[in-house]
Amino acid sequence: MHSLQTVITGTGSYIPANVKTNKEFTILNFYGEDNKKIETDPQEVVEKFKQITGIEERRYVDSGMESSDMAAIAAQRAIDDAQCDPETLDQIIVAHNFGNVLKHTIQTDVLPALASRVKHALKIKNPNCVAYDILFGCPGWVQGVIQADAYFKAGIAKKCLVIGTETLSRVIDIYDRDSMIFSDGAGACVMETKDASTTKSGILACSVQSHCMDEVEYLNMGKSNFPDSDPRIRYIKMKGRKVYEYAMKYVPAAMKDCLDKAGVGISELKKVFIHQANEKMDEGIIKAMYKLYGIKTVPENIMPMSIHYLGNSSVATIPTLLDLVRKDTMKEHQLNDGDIILFASVGAGMNINAVCYRV
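Caption draft 1: Geometry of the state of the cysteines. For the structure shown, the criterion picks out zero disulfides. Between cysteine 138, a cysteine without a disulfide, and cysteine 212, which holds the nearest cysteine sulfur, the sulfur-to-sulfur distance is 15 Å. According to the relative accessible area criterion, cysteine 138 is buried, its value standing at 18%. The structure places no disulfide on cysteine 206, whose sulfur is separated from the nearest cysteine sulfur, that of cysteine 258, by 6.1 Å.

Structural data, given as structure tokens:
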């Protein structure tokens, strides 16, 4: 009896065509949590935002398109890439946080689940292909990968489609500076079990943690910062400083824990695909991880970044980044057989997770 490996056999992504530049935010009036107008010149606010987050542009989806539509496109691309018959899929796992939010409404639509809609869009008839959603904050897609791996190891499934999709442009408060961070998009992968005698590729280890004491409040839904706004209409709200401190404290340790479980030395690590939340934060996390190994200088080109032009699309950032690198669209970054890579994410809950994978 050979052991089984969990292998990513295909990837796909959908990047919306609408580019929203920082300049477009300079005409807005921002308000603070205290509902008072921020008197700093919006131009200056936007410039400072860029210096911290690294974000110059983000993508917004067309008004006629939903989160599940993007998910289905990314999924089809992953299926084509894997050259897999969709009828042979055992599970479709869709990670998101807001379901479908129809343009000009702010109501989450998850009836039926997005995974059901994706299965329908892919025209998969097989009733044994089970479709369901997971909610795990920004680490949702990585959690889907961990979940599929667990089903494989339990002998319950052999092939899964894992998707992350989000239309954050529809749940942002335009009077809140944090709204500039968020973006839309979808990313997907096909995962399959392979006999270890036939491949060296596969998941080597996973790490996951949930901190839900004070941390539970760090990301939530709240009323607009605009004075006298309707308190019944709620938007995504973030305690940025708290999230930053939390990530710096826990994510590097989770990444190291994952590598330790995999029995992988830091010198063997070739790439880190980290949730694209904030450039300064991601750079800080990677630096802190290397510091845990007593290494002062982070190797060059270890961390692909798409945040500058794609913003933070929550669950979609890591699968989209993986797809871009796998398909050679980022010139400084290539993946070769045998490369050891790490996925790591942090988000609402608060949740963190990491997966160590051999290409």
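Caption draft 2: Quick peek at the sheet that holds strand β4 (residues 91-95). Within the open sheet, the five strands sit side by side as β1-β7-β6-β4-β5. Their pairing is mixed. Every other strand in the sheet has two partners, leaving β1 (4-14) and β5 (130-134) as the edge strands with one partner each. In this sheet, adjacent strand axes meet at a mean angle of 20° when their direction is disregarded. The pairing of β1 with strand β7 (residues 184-195) spans 10 bridges and is antiparallel. Along β7, the bridge assignment pairs threonine 6 with threonine 193. Each of β1 and β7 touches helix α8 (residues 317-326); the most contacted strand, β1, lies at about 90° to it.

Caption draft 3: Focus on helix α3 (residues 114-121). Here α3 has its buried residues at Leu114, Ala115, Arg117, Val118 and Lys119. One or two steps after α3, the chain reaches lysine 123, where phi turns positive at roughly 60°.

Caption draft 4: How the structure looks around the sheet that holds strand β12 (residues 340-347). Ordered in space as β8-β13-β12-β11, the four strands form an open sheet in which the pairing is mixed. Two strands lie at the open edges of the sheet, namely β8 (202-210) and β11 (269-274), each paired on one side alone. Along the sheet, successive strands turn relative to each other by an average axial angle of 15°, direction set aside. Where β12 meets strand β13 (residues 351-358), eight bridges bridge the pair, whose relative direction is antiparallel. Across the sheet, the residue bridging to leucine 342 is cysteine 356, located in β13. Against the sheet, helix α6 (residues 279-292) makes contact with β11 and β12, and its axis sits at roughly 145° relative to β11, the strand it touches most. Where α8 meets the sheet, its contacts fall on β11 and β12, and the angle it forms with β11 comes to roughly 135°.

Caption draft 5: Representation of the pairing of β13 within the structure. With seven of its eight residues buried, β13 lies for the most part within the structure. Sheet analysis places β8 next to β13, joined by eight bridges and oriented antiparallel. Paired with glutamine 209 across the two strands is isoleucine 352, which belongs to β13. Here β12 folds back onto β13, and the loop between the two strands holds three residues, one of which, glycine 349, carries a positive phi near 150°.

Caption draft 6: Up close: the pairing of strand β10 (residues 234-238). For β10, a buried count of four out of five residues is recorded, marking the element as mostly surrounded by other parts of the structure. Across five bridges, strand β9 (residues 219-223) lies against β10 in antiparallel orientation. Bridging across to β10, asparagine 220 finds its partner in lysine 237.

Caption draft 7: Quick peek at the packing of aromatic side chains. Counted by the stated rule, this structure contains seven aromatic pairs. Between the aromatic rings of tyrosine 31 and tyrosine 175, the centroid separation amounts to 5.8 Å while the plane-to-plane angle is 70°, which identifies the pairing as edge-to-face. A residue pair is termed long-range when its members are at least 10 positions apart, and tyrosine 31 in the loop between β2 (18-21) and α1 (42-53) and tyrosine 175 in the loop between β6 (159-167) and β7 qualify at 144 residues. Look at tyrosine 246 and tyrosine 250: their rings are 5.0 Å apart centre to centre, the planes differ by 50°, and that puts the pair in the tilted class. Here tyrosine 246 and its partner tyrosine 250 are both found in helix α5 (residues 240-262), four residues apart, which amounts to about one turn of the helix. Owing to a relative accessible area of 3%, tyrosine 246 belongs among the buried residues under this scheme. Just above the ring of phenylalanine 25 sits the side chain of lysine 20; from NZ or CZ to the centre is 5.1 Å.

Conventions and cut-offs
- Residues numbered from 1 in each chain as written.
- Predicted model: local features only at pLDDT ≥ 70, side-chain atom pairs only at ≥ 80, totals over all residues.
- Heavy atoms only, no water.
- Disulfide = S-S within 2.5 Å.
- Buried < 20%, exposed > 50% of the residue type's maximum accessible area, 1.4 Å probe, protein only.
- Pairing = 2+ DSSP bridges.
- Helix = DSSP H or I, 4+ residues; strand = E, 2+ residues; numbered from the N terminus.
- Axes fitted to C-alpha atoms, helices over the stretch in contact; angles between N-to-C directions.
- Contact = heavy atoms within 4.5 Å.
- Phe/Tyr/Trp six-rings, centres within 6.5 Å; stacked < 30°, edge-to-face > 60°.
- Lys NZ or Arg CZ within 6 Å of the ring centre and 35° of its normal.

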